[in-house]
Amino acid sequence: MSAATFLKEFCRNWQTVGAIAPSSPALAERMMEAAGVWQAKRVLELGPGTGAFTDAISDSMPHGADYLGIELNQTFVQQLTPRFPKMRFECAGAQEFDFSQVLPPGEKFDTIISGLPWTAFPRALQEAILNNVLPHLAPGGCFATFAYFGFHKLPSGLRFRSLLHELTHGVETSRVVWRNLPPAFVYIARKPAV
């Protein structure tokens, strides 16, 4: 998918797209390492967008692993579906998606990768998404998302980090990926193992 398509969707839907350029391969690689995608049996991706992380997930996850991508932008879903025919995409908001329709009883996601623009969201939406998604993370599972360096100090960025700490009992950060536009780093939150 071209950068022009991404920029066009940003201009039309800036509050949900949240970036002016797709994430770099360097950031995608850092996300895969941090989230342990290579050992996950079930992977959930929030906001796959143009597929920058999706491509890396496809390359990293084990053979036979299940993938679900939740994307609000229909244009992105229509372009991702033929590119990744073995992966499932749903056009929906993560805050309202009914995971019981895709998860077998008793099953949860080992890894959740998020490309959502958290600092663009009000607190109520941040809470609604995390409260709907995190209960479906397996014990010992990993939630990974990223923040743009500098933007994480904005009130909405500080609020998101605090909320993530509160809901997951701790957050780690990766080194900054300077080869991303803008530079970014990864937040890694793990659900305590039972």
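Residues numbered from 1 in each chain as written. Predicted model: local features only at pLDDT ≥ 70, side-chain atom pairs only at ≥ 80, totals over all residues. Heavy atoms only, no water.

Across its full length, the protein chain holds 7 helices and 7 strands. Its helices and strands taken in sequence order, the protein chain reads α-α-α-β-α-β-α-β-β-α-β-α-β-β from the N to the C terminus. Partitioning the intrachain contacts of the protein chain with sequence separation of at least 6 by distance along the chain shows that 69% fall at a separation of at least 24. As displayed, the protein chain offers around 9400 Å² of accessible surface, 55% of which is attributable to carbon and sulfur atoms. (Helix = DSSP H or I, 4+ residues; strand = E, 2+ residues; numbered from the N terminus. Contact = heavy atoms within 4.5 Å. Areas by Shrake-Rupley, 256 points an atom, 1.4 Å probe, with all protein chains shown as cover.)

The next point concerns the packing of aromatic side chains. Under the counting rule described, the total for this entry stands at 13 aromatic pairs. Judged by centre distance (6.3 Å) and plane angle (50°), the ring pair of F84 and F89 falls under tilted. In this structure, F84 and F89 share a single accessibility class: buried. Relative to Y187, the ring of F160 lies with its centre 6.3 Å away and its plane at 50°, an arrangement referred to as tilted. Note that F160 is positioned in helix α7 (residues 155-168) and Y187 in strand β7 (residues 184-190), a separation of 27 residues in sequence. The two residues F160 and Y187 agree in class, both being buried. An aromatic cluster is present here, built from W118, F121, F143, F160, F185 and Y187 joined pairwise through their rings. (Phe/Tyr/Trp six-rings, centres within 6.5 Å; stacked < 30°, edge-to-face > 60°. Buried < 20%, exposed > 50% of the residue type's maximum accessible area, 1.4 Å probe, protein only.)

Between its first and last C-alpha atoms α7 spans 20 Å; for 14 residues at 1.5 Å apiece the expected length is 20 Å, and the two agree. The set of residues buried in α7 consists of S156, G157, F160, L163, L164 and T168. Seen along its axis, α7 keeps its buried residues to an arc of 125°; they face one direction. The exposed set on the far side of α7, more than 90 degrees from its buried face, consists of P155 and E166. (Expected span 1.5 Å × (residues − 1). Arc of directions from axis to C-beta.)

In the predicted model, the protein chain carries a mean pLDDT of 89, and the fraction of residues at 70 or more is 89%. Low pLDDT, under 50, characterises residues 1-7; the stretch is placed with 13 contacts to residues that sit more than four places away or in other chains. pLDDT under 50 marks residues 13-17. Its contacts with residues more than four places away, or in other chains, come to 13 contacts. (pLDDT = per-residue confidence, 0-100.)

Ranked by size, the top nonpolar core spans 30 residues in total, and within it M31, M32, V37, F53, I57, M61 and I113 carry the most contacts. Looking at this core, the elements with two or more residues in it are α3 (25-35), α4 (52-60), α5 (74-83), β5 (137-148) and β7. If sequence neighbours within four positions are ignored, F53 has contacts with S23, L27, A28, M31, M32, E45, I113, S114, G115 and F146. A92, A94, F109 and I129 belong to the second-largest nonpolar core, a separate cluster that totals 29 residues. (Core = buried A, V, L, I, M, F, W, Y, C linked by side-chain atoms within 4.5 Å.)

Where burial is concerned, most of strand β1 (residues 42-46) is hidden: 5 out of the 5 residues are buried. Of the two faces of β1, the one holding R42, L44 and L46 and the one holding V43 and E45 are both buried throughout. Sheet topology places β1 next to strand β2 (residues 66-71); 5 bridges connect them, and they run parallel. Within the sheet, the bridge partner assigned to R42 lies in β2 and is D66. One crossover worth recording links β1 to the parallel β2 by way of α4, and it is right-handed. Relative to strand β4 (residues 109-114), β1 is paired through 4 bridges, and the arrangement is parallel. (Pairing = 2+ DSSP bridges. Right-handed = clockwise from strand over helix to strand, strands pointing away.)

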